[in-house]
Structure formats: structure tokens, C-alpha cells
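Here's the letter readout for the chains.
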Amino acid sequence: RTSTGSLVGRTSTGSLILYRVSWGPILKRSPDMTKSTMTKSEQLLRIDDHDFTMRPAFGGPPIPVGVDVQIESLDTISEVDMDFTMTLYLRHYWKDERLSFPSTNNQSMTFDSRLAKKIWVPDMFFVHSKRSFIHDTTTDNVMLRVYPDGNVLYSMRVTVTAMCNMDLSRFPLDTQTCSLEIESYAYTDDDLMLYWKKGNESLNTDERISLSQFLIQKFHTTTKLAFYSSTGWYNRLYIHFTLRRHIFFFLLQTYFPATLMVMLSWVSFWIDRRAVPARVPLGITTVLTMSTIITGVNASMPRVSYIKAVDIYLWVSFVFVFLSVIEYAAVNYLSTVQERKERKLRERLPCTCGIGNPEDMMCDPQISGYTTDPQVTSYSSMDANSTGNYGTTGNYGVPENGGRQERMLAQVVLGDPQLAGQVKRPGYVNIWIDTHAIDKYSRIVFPGSYVLFNVIYWSIYS
């Protein structure tokens, strides 16, 4: 022993070893409280004393499991895939007396997913789901809360994509109802009784939930029994939500452009029938534009085997545009037929039709009474300015007053034996031919029919 309180020893080989000894108070290292608490919790809940692979009260009546749901977000509604995506908090309530523990202050104990894997929990799954997962950032979003009397609250945060059978026959003026179905996978109604804990009040939604294309009208819950021929009857919980589609987007992108194209096709009714370069491209442009609108709408829709409301509107509009092109074809054809008839009439009459220079044809005003036939009048009874129009348009001309009829002037030859008894002096036949009747009626029939169609359409689907 040295003066400093150290001890010196000698080994068997003669080497010296210095030992330092502290004569102060002896300090003990504190135990790991985290490990101690975890061990005590499992011992308090008697995890190892029971077989938690069996349901509570096995062999007895079915265990009631209450459920409530809080919907965090309704993410997407897809008409093409016929599904929806929802994020929700799914909570289960049941009583397992094997987990009861003594407590002086009646406080519950809360655990994460690590303890949830060691005890019995309901085996819920989403019927008709395509994809689902429990969020795991930053850890598994699972909470387990145990009360002294054995009541258990089991909560998890889940995102699920489930099937939604949509009826698109009224698209885009439709209302859709989708359902999320919850059911036990293994336990029939003889072992597990699934129910909504507080009825419709078991379903809560975030007030900020909104969709760009739909208006969420209501949420409600129901409970039914589902039967499987191989396994039996199961309790099934339903979350129903009703969605009404916003129409304003489709009014701007589909209905309004289609209506404008139909109205644009009517412009050709006010264009002269001889203006072929104006009327034909106008009709073709409106037809191609309507085809583009129809193709664009169908590209974003599923290939259903029935007719949708938007299809009816677009195809009827397409028919109106197409008929406006056919209308001009009819006008052009009938005008050609009329010209042929007039040409044959001129060939039959011993006259010279088509006055090129009206000044050379000025007649003595005294011949105005050359005949009593009401269909034959003297040239002097006609306006010289009007006659001049015929010289610039060939055999036909449009009167300056904007009338829709044309006149053909025929110089009657006195040598005609059939007219010799009626016509005493040279004159001209004034024949009125109506070649614009189709355009005239189309200006009324087409707009009137389209307005009637819109009244019927919107009264049925709105």
C-alpha cells in the first residue's frame, strides 16, 4: 500500500502490479428504464400467459367488434378504371379480458405496431379493393390502446383503391354512388359480429375534402350479411358516398363549342348558291371540327357498350352540321336541273335569250301594249337598271331589291306561228323562277329544330 492509497502487488513471476483503490462512497449504475418498462408492460398484460392466436372468448358467443371511420381524403375518381382512391383512419373496438390489468388511476396504455403483432386483432380487409396499404412513414401508422378492463382500441391509417361500378348513361350530367366495403376475412358471423359503433355517426369526414370534378353530396353507412358458398355468412360494413359531377367544365369544353359549330354551319344558308368556294369549305370545316370534338371526348372515356348523354348531344349536332352540307348539295343540284329546263325552254321558243347589251334592245315606248297575254310584257315596261343586271350575270340575275327569285328575258320572234296571233311586235317574256326555296326554308327549319332538340335534351337530363 502506498501513501496515495494505491496497492502494489507482485505476480508469480516477480512483476509489480499497481492497483488504485478509491476509498470514497460506492456508486451504482442506474438500470435501463426503457427495457424495464417494456418488460413490465408485457408482464402486466400477461402476453406470454395466453394464446393470442385464438379470438377472445373462443368457443363462446361471437365477439362484437365496433368500427368507426374518419375519412381524411378522397383522392381520385376514375371513369376509365371504374375505381376511386380514399385515405382513411380505420378504428376497431373490442374487449379482450386476457389483456385486463390492475390500475389505481384507470389510465390506459398506448402502444405502437410492435405490440399489435403479439396479440389478437380483427382481420379486416376491403372487399373489391384493387390496392391498399398501411402508411409507414416514418413508422407504421398503427396505434393500440388497452384499458384496464380489457377494452381495446386499434387504429390504423390506410389508403385504399377500390372498385366503383359507374353508370355513365347520363354522363356528364350524372350522379354516382360508390361504396367501400369492410369485412372479416376468416371469422364468420358465428365468431365475429362486425357493426358500426355509433351508426351513421361512426363515419366522419374532413371538412376540407373536395374534388375538382365532383360535388360530394353525402356519406352514409349500412350493414349487410354476405354469403360465400364455401365458408358461410359474414358481416359486411358499407361506406356509401354520393357524388354529383360538375357540369360547368363540360359546358365550356364540349357543349358550347359543339353548339357554335352547328350555328356556324347555318351561315352558309345566307351565302349565294354560286359562291361554291365559300359554302363548301365552310361545311367541311364544321364537319371536321365536330369530328375532333367527338374524338376528344371519347378518348378520355371508357369504351362502354351503351350510349352516353354527351354522345347523344354531339352526334345530333354532328348530324345537323352534316345536313347543312347536304342542303347545299341539294341546292346546287336542283339549280343545275332548273338551268337545264330553262335551256330546253329557250331551245323550244323561237327567241334569243340572254340580252348582252340592254341599250341595243331599247324599244319604242309605244309598243308597250303589243299583247294582252299577262305572261308576256313589253321590254319598255321593265326597269333598264334591272335589265342591266342580266347582262352581267349571263342569262340570270338577282334583282337589286334582294329578292330570292330570278327572271329570264326572252325575245319573242314574230315569226313564230304559234305566237303570231298574240304577239304583234317584238317583246320579252318575263319568267320568275324560285331557285332559293331550300335555303329560304333551311334558315327557319334548322335553327328551330335545333332549339327544340336542346329543350328536350336539357329537360330530360338536367
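Residues numbered from 1 in each chain as written. Predicted model: local features only at pLDDT ≥ 70, side-chain atom pairs only at ≥ 80, totals over all residues. Heavy atoms only, no water.

- Looking up the protein in an unreviewed UniProt entry gives the name Gamma-aminobutyric acid receptor subunit rho-1, with the organism given as Esox lucius.
- Recorded under Subunit (unreviewed entry), the UniProt text for the protein is reproduced unchanged: "Three rho subunits (rho-1/GBRR1, rho-2/GBRR2 and rho-3/GBRR3) coassemble either to form functional homopentamers or heteropentamers. Rho-1/GBRR1 subunits can also associate with alpha-1/GBRA1 subunits to form a functional GABAAR. Interacts with SQSTM1."
- Word for word, the UniProt comment on the protein under Subcellular location (unreviewed entry) is "Postsynaptic cell membrane". (UniProt positions renumbered as here; feature names shortened; annotations may be inferred.)

**Some words on the nonpolar core**
- Counting residues in each nonpolar core, the largest one holds 80 residues, and the members touching the most others are Leu-45, Val-69, Leu-74, Phe-84, Leu-88, Leu-144 and Leu-180.
- Among the domains, domain 1 (47-245) and domain 2 (249-344 + 453-461) are the pair contributing at least three residues each to this core. (Core = buried A, V, L, I, M, F, W, Y, C linked by side-chain atoms within 4.5 Å. Buried < 20%, exposed > 50% of the residue type's maximum accessible area, 1.4 Å probe, protein only. Domains from an automatic or database assignment.)

**What about the side chain of Asn-141?**
- Assignment of secondary structure puts Asn-141 in the loop between β7 (129-134) and β8 (142-146).
- Within the structure, Asn-141 has its side chain in polar contact with the backbone oxygen of Thr-139 (distance 2.9 Å).
- Excluding anything up to four places from it in sequence, Asn-141 contacts Ile-134, His-135, Ser-155, Met-156 and Arg-157. (Helix = DSSP H or I, 4+ residues; strand = E, 2+ residues; numbered from the N terminus. Polar contact = N/O pair within 3.5 Å; in protein donor to acceptor, adjacent residues only side chain to side chain. Contact = heavy atoms within 4.5 Å.)

**Considering a positive patch on the surface**
- A surface patch of positive charge is lined by Arg-340, Lys-341, Arg-343, Lys-344 and Arg-348.
- The exposure class of Arg-343 is partly exposed, given its relative accessible area of 39%. (Patch = residues over 30% accessible without salt bridge, like charges linked within 9 Å, V, L, I, M, F, W, Y side chains within 5 Å. Areas by Shrake-Rupley, 256 points an atom, 1.4 Å probe, with all protein chains shown as cover. Salt bridge = Lys/Arg side-chain N within 4 Å of Asp/Glu carboxyl O. Lys, Arg positive; Asp, Glu negative; His and termini not counted. Charge placed at Lys NZ, Arg CZ, Asp CG, Glu CD.)

**A few points about a nonpolar patch on the surface**
- Where nonpolar side chains cluster on the molecular surface, the patch consists of Val-276, Val-280, Ile-284 and Leu-288 and spans about 310 Å² of accessible area.
- Residue placement: Ile-284 occurs in helix α4 (residues 276-299).

**Quick look at the packing of helix α3 (residues 248-265) against α4**
- Running from N to C, α3 and α4 cross one another at 165°; their axes reach a closest spacing of 9 Å. When the axis of α3 is compared with that of α4, the two are roughly antiparallel. Where α3 crosses over α4, the two elements pack in a sense that is left-handed. In contact with Thr-254, Pro-257, Ala-258, Met-261, Leu-264 and Ser-265 of α3, α4 contributes Leu-282, Thr-286, Thr-289, Met-290, Ile-293 and Val-297.
- Tallied by class, residues from the contact of α3 with α4 come to eight nonpolar, four polar and no charged. (Axes fitted to C-alpha atoms, helices over the stretch in contact; angles between N-to-C directions. Parallel < 35°, antiparallel > 145°, perpendicular 65-115°, else oblique. Left-handed = near helix turned anticlockwise from the far one by under 90°. Nonpolar A, V, L, I, M, F, W, Y, C, P; charged D, E, K, R; others polar.)

**Some points on the pattern of salt bridges**
- Counting across every chain of the model gives 15 salt bridges.
- Asp-112 serves as the salt-bridge partner of Arg-114, at 2.9 Å between the closest nitrogen and oxygen.
- What makes Arg-114 exposed here is its relative accessible area of 61%.
- Its relative accessible area of 29% is what places Asp-112 among the partly exposed residues.
- Sharing partners across several salt bridges, the network here consists of Glu-79, Asp-174 and Arg-245.

**Describing the UniProt feature "transmembrane region" (unreviewed entry) in the protein**
- Within this structure's numbering, the places UniProt gives as "transmembrane region" (unreviewed entry) are residues 247-270, 282-300, 312-334 and 444-461.
- Span residues 312-334 is 100% helix and 0% strand, its end C-alpha atoms 32 Å apart.
- Helix makes up 100% of residues 444-461 and strand 0%, with an end-to-end C-alpha separation of 26 Å.

**Topic: the sheet that holds strand β13 (residues 214-228)**
- Judged by pairing direction, the sheet is antiparallel, and its four strands sit side by side in the order β6-β10-β14-β13 without closing on themselves. Two strands close off the open sheet at either side, each with one partner strand: β6 (124-127) and β13. Pairwise comparison of adjacent strand axes, ignoring direction, gives a mean angle of 25° for this sheet.
- The pairing of β6 with strand β10 (residues 175-184) spans four bridges and is classified as antiparallel. When the bridges of β10 are listed, Phe-126 appears paired with Ile-182. (Pairing = 2+ DSSP bridges.)

**Section: the pairing of strand β14 (residues 232-245)**
- Counting buried residues along β14, 12 of its 14 residues qualify, which places the element largely inside the surrounding structure.
- Both β10 and β14 contribute to a ladder of nine bridges, which runs antiparallel. By the bridge assignment for β14, Leu-180 is matched with Ile-239.
- The antiparallel hairpin formed by β13 and β14 contains three residues in its connecting segment.

**Things to note about α3**
- When the terminal C-alpha atoms of α3 are compared, their 25 Å separation across 18 residues agrees well with the 26 Å that a helix rising 1.5 Å per residue should span.
- Along its length, α3 reaches its greatest deviation from straightness, about 35°, at Tyr-255, and the proline Pro-257 lies no more than four positions downstream.
- By the burial criterion, the buried members of α3 are Phe-250, Thr-254, Tyr-255, Ala-258, Thr-259, Met-261, Val-262 and Ser-265.
- Elements in contact with the buried residues of α3: β14, α4, α5 (309-348) and α7 (437-461). (Expected span 1.5 Å × (residues − 1). Bend = angle between axes of the 7 residues up to and from the residue.)

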